Amino acid sequence: MDDVLAVSAAFDAALVRNDAAAAVAGFMTDDWVYVGPAGATPKADIIGWIASGRLVHDTMSVIGGEMVLPVGDAVVLSARKASSGRWDGVPYTADEWITEVYVRTGAGWRCAFSQKTPAE
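Worth saying up front: this structure is predicted, and the values here are computed from it rather than measured. (Residues numbered from 1 in each chain as written. Predicted model: local features only at pLDDT ≥ 70, side-chain atom pairs only at ≥ 80, totals over all residues. Heavy atoms only, no water.)

Caption draft 1: Broad picture of helix α2 (residues 43–52). Of all the residues in α2, the buried ones are Lys 43, Ile 46, Ile 47 and Ile 50. One side of α2 carries all its buried residues, which in axial view fall inside an arc of 95 degrees. Across from the buried face of α2, at angles greater than 90 degrees, the exposed residues are Ala 44 and Ser 52. Buried residues in α2 make contact with α1 (2–17), β1 (28–36), β2 (39–42) and β3 (55–71). Two residues or fewer after α2 comes Gly 53, characterised by a positive phi angle close to 85 degrees. (Buried < 20%, exposed > 50% of the residue type's maximum accessible area, 1.4 Å probe, protein only. Helix = DSSP H or I, 4+ residues; strand = E, 2+ residues; numbered from the N terminus. Arc of directions from axis to C-beta. Contact = heavy atoms within 4.5 Å.)

Next comes the structure, spelled out in structure tokens:
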């Protein structure tokens, strides 16, 4: 499962580069969705926010280890991550548990689903 961990790390690095269309979107399936405190957000919204500068990621790092669980043809990855950036120009920091589902495609592993929960 080292290949999924490597894809996850590259996905995080692309987010910090804020390279929406050329890099970030390439790590997601076409039907990828993010679920957070406000509910579900589709890929097009997230990519649009990054491309417009509304959402900017400055840092993202794994705190502790990652848990990788193969499930059929998919992999569930869960980790605690710390990040910082800006939303509508307002700085933020986050300490969250993230769970992602990766699926194998013809182009390699892609993230199909991401869910974040604030860490306590």
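Caption draft 2: Broad picture of the pattern of salt bridges. On inspection of all chains with the given rule, the structure shows six salt bridges. Put simply, Lys 43 and Asp 30 hold a salt bridge, and the shortest N to O gap is 3.9 Å. Residue Lys 43 is located in helix α2, and its partner Asp 30 is located in strand β1; the two are separated by 13 residues in the primary sequence. Judged by relative accessible area, which is 13%, Lys 43 ranks as buried. The salt bridge partner of Asp 88 is Arg 54, with a shortest N-O separation of 2.9 Å. Highlighted residues: Asp 88 in the loop between β4 (74–87) and β5 (90–105) and Arg 54 in the loop between α2 and β3, separated in sequence by 34 residues. Since its relative accessible area comes to 32%, Arg 54 is described here as partly exposed. (Salt bridge = Lys/Arg side-chain N within 4 Å of Asp/Glu carboxyl O.)

Caption draft 3: Main features of the side chain of Lys 81. Position of Lys 81 among the secondary structure elements: in strand β4. Overall, the relative accessible area of 6% leaves Lys 81 in the buried class. Side-chain polar atoms of Lys 81 contact the side chain of Asp 12, separated by 2.8 Å. Excluding its chain neighbours within four sequence positions, the residues that come into contact with Lys 81 are Ser 8, Asp 12, Met 60, Ser 61, Val 62, Ile 63, Ala 94, Asp 95, Glu 96, Ile 98 and Glu 100. (Polar contact = N/O pair within 3.5 Å; in protein donor to acceptor, adjacent residues only side chain to side chain.)

Caption draft 4: α1, seen in detail. Taking 1.5 Å as the rise per residue, α1 with 16 residues should run 22 Å; its terminal C-alpha atoms sit 23 Å apart, in good agreement. Within α1, the full set of buried residues consists of Val 4, Val 7, Ser 8, Phe 11, Asp 12, Ala 14 and Leu 15. Axial view of α1: buried residues confined to an arc of 160 degrees, hence all on one face. Counted as exposed and oriented over 90 degrees from the buried face of α1: Asp 2 and Arg 17. Contacts made by the buried residues of α1 are with β1, α2, β3, β4, β5 and β6 (108–118). Where α1 terminates, the next one or two residues include Asn 18, which has phi positive at roughly 55 degrees. (Expected span 1.5 Å × (residues − 1).)

Everything listed here is a matter of geometry and, on its own, says nothing about what the molecule does.
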